[in-house]
There are 2 protein chains.
Amino acid sequence: MDEPITRLSTHQCWDFLRRHELGRLAYHLADEVHIVPINYAVDHDPVTGRRSLLFRSAEGSKLLGVVMNADVAFEVDELEGEHATSVILRGRARRLEEDEAHRAENVPLRPWVATPKWNVVEIDVTEISGRGFDLSRPWRHLIIDES
Amino acid sequence: MDEPITRLSTHQCWDFLRRHELGRLAYHLADEVHIVPINYAVDHDPVTGRRSLLFRSAEGSKLLGVVMNADVAFEVDELEGEHATSVILRGRARRLEEDEAHRAENVPLRPWVATPKWNVVEIDVTEISGRGFDLSRPWRHLIIDES
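Below is a short write-up of the structure. Quantities reported herein were computed from a predicted structural model and do not represent experimental measurements. (Residues numbered from 1 in each chain as written. Chains lettered and ligands numbered in written order. Predicted model: local features only at pLDDT ≥ 70, side-chain atom pairs only at ≥ 80, totals over all residues. Heavy atoms only, no water.)

Structural notes on the overall build of chain A
- Looking only at helices and strands, one finds three helices and seven strands in chain A.
- Put simply, chain A runs from its N terminus to its C terminus through helices and strands in the order β-α-β-β-β-α-β-β-β-α.
- Here chain A holds 147 residues, and 50% of them are scored as buried.
- For chain A, the share of sequence-separated contacts (at least 6 apart) that also reach a separation of at least 24 residues comes to 70%. (Helix = DSSP H or I, 4+ residues; strand = E, 2+ residues; numbered from the N terminus. Buried < 20%, exposed > 50% of the residue type's maximum accessible area, 1.4 Å probe, protein only. Contact = heavy atoms within 4.5 Å.)

Some thoughts on the pattern of salt bridges
- If you walk through the whole model with that rule in mind, you get 30 salt bridges over all chains.
- Taking the shortest distance from any N to any O, the salt bridge between Glu122 of chain A and Arg94 of chain A comes out at 3.2 Å. Here the residue Glu122 of chain A occupies a position in strand β7 (residues 118-134), and Arg94 of chain A occupies one in strand β6 (residues 83-95), the gap between them amounting to 28 residues.
- Residue classification places Glu122 of chain A among the buried positions, given a relative accessible area of 2%.
- Residue Arg94 of chain A is classed as partly exposed on the basis of its relative accessible area of 36%.
- Notably, a salt bridge pairs Glu75 of chain B with Arg24 of chain B, separated by 3.4 Å at the nearest N-O pair. With a gap of 51 residues between them, Glu75 of chain B in strand β5 (residues 71-80) and Arg24 of chain B in strand β2 (residues 22-29) connect regions that are remote in the sequence. Across the pair, Arg24 of chain B and Glu75 of chain B agree in class, each one buried.
- In the salt-bridge network here, residues are joined through shared partners; they are Asp43, Arg50, Arg94, Glu100, Arg103, Glu122 and Asp124 of chain A. (Salt bridge = Lys/Arg side-chain N within 4 Å of Asp/Glu carboxyl O.)

Focus: the side chain of Thr85 of chain B
- With respect to the helices and strands, the residue Thr85 of chain B is situated in strand β6 (residues 83-95).
- Contact partners of Thr85 of chain B, with chain neighbours within four places excluded, come to Leu8, Phe16, Val76, Asp77, Glu78, Arg131 and Gly132 of chain B.

Side note on the pairing of β7 of chain A
Residue and element names in this part refer to chain A.
- Pairing between strand β1 (residues 5-8) and β7: four bridges, direction antiparallel. In the sheet register, Ile5 faces β7, and the bridge partner there is Phe133.
- Summarising the sheet, strand β4 (residues 51-58) and β7 pair through six bridges and their orientation is antiparallel. Bridge pairing in β7 links Leu54 to Glu122.
- Here β6 runs beside β7; their pairing, made up of 13 bridges, is antiparallel. (Pairing = 2+ DSSP bridges.)

Describing the pairing of β4 of chain A
Residues and elements named next belong to chain A.
- The element β4 is extensively covered by neighbouring structure, given that six of its eight residues are classed as buried.
- Taken together, the five bridges between strand β3 (residues 32-44) and β4 define a ladder with antiparallel strand orientation. Within the sheet, the bridge partner assigned to Val42 lies in β4 and is Leu53.

Brief notes about the environment of Arg94 of chain B
Residue and element names in this part refer to chain B.
- C-alpha separation for the pair Arg94 and Asn69, spaced 25 residues apart in sequence, amounts to 9.2 Å.
- Excluding residues within four positions of it along the chain, Arg94 makes contact with Glu100, Arg103, Val120, Val121 and Glu122.
- For Arg94, the side chain forms a polar contact with the side chain of Glu100, separated by 2.9 Å. (Polar contact = N/O pair within 3.5 Å; in protein donor to acceptor, adjacent residues only side chain to side chain.)

Quick look at the environment of Glu122 of chain B
All names here are of chain B.
- Sequence spacing of Glu122 and Ser52 is 70 residues, and the spatial spacing of their C-alpha atoms is 6.8 Å.
- Setting aside residues no more than four positions away along its own chain, Glu122 makes contact with Arg50, Ser52, Leu53, Leu54, Arg92, Ala93, Arg94, Leu96 and Arg103.
- Reaching out from Glu122, the side chain makes a polar contact with the side chain of Arg50 at a distance of 3.3 Å.

Here it is in structure tokens:
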């Protein structure tokens, strides 16, 4: 059987993340799991070489559940014809302090929707992996028939 | 200030789910949150009117963490030009018993990637909401410059 899945290198994963801007964050809120689409940017410290993700969160958002439980997962994907790519990471989220929030000014990160006040949250990435899939979608005509 | 967010009705949310096939599932694995892209289908019981989501999971997949903790969240989105739509739901996942798994044959649900053995998992939806966003993305040129 042909192997329809390819693994991305860590370098390829970060390159994929850098070329995209919309992902989905999974986080804890009390004992529930929640998910939300967010736009993000990759921050890169030229001195240490450390890379992390930054995003903005509206003041008072339940997204600040990450302050209570920092454990998060994040996913970015792309579907092009018969090929899909997905990068998944896990990490620790924390709200940046005021004297660090300026880091969000140096990356291509803006709120998608205008809202008065934002916090900047960083994800310190502890695991990252990416996969490419060659898809077989024999049922696709069913979906087209339905719409 | 113009309100850049519109709310979808429950009917619109289900219609959106029915017209798509790729979403991201957030689930618990021990005390961690995990996320994975999955293809899914909407199942609809014509007698009761009840709707749920079905997906397949490879035997032995860590996705079967849902057997240990049924609490899950699921997200489907679409980005078209300057407009994004996202539907988020929360619910309870369970693996279908052998005598129910045939339900996956009646919906446009096939594994994207050929793998020998599958379980069928159902998400019983307890909360569903959808939002449309009119985007302002002033930093988009920055991303294009980088690639």
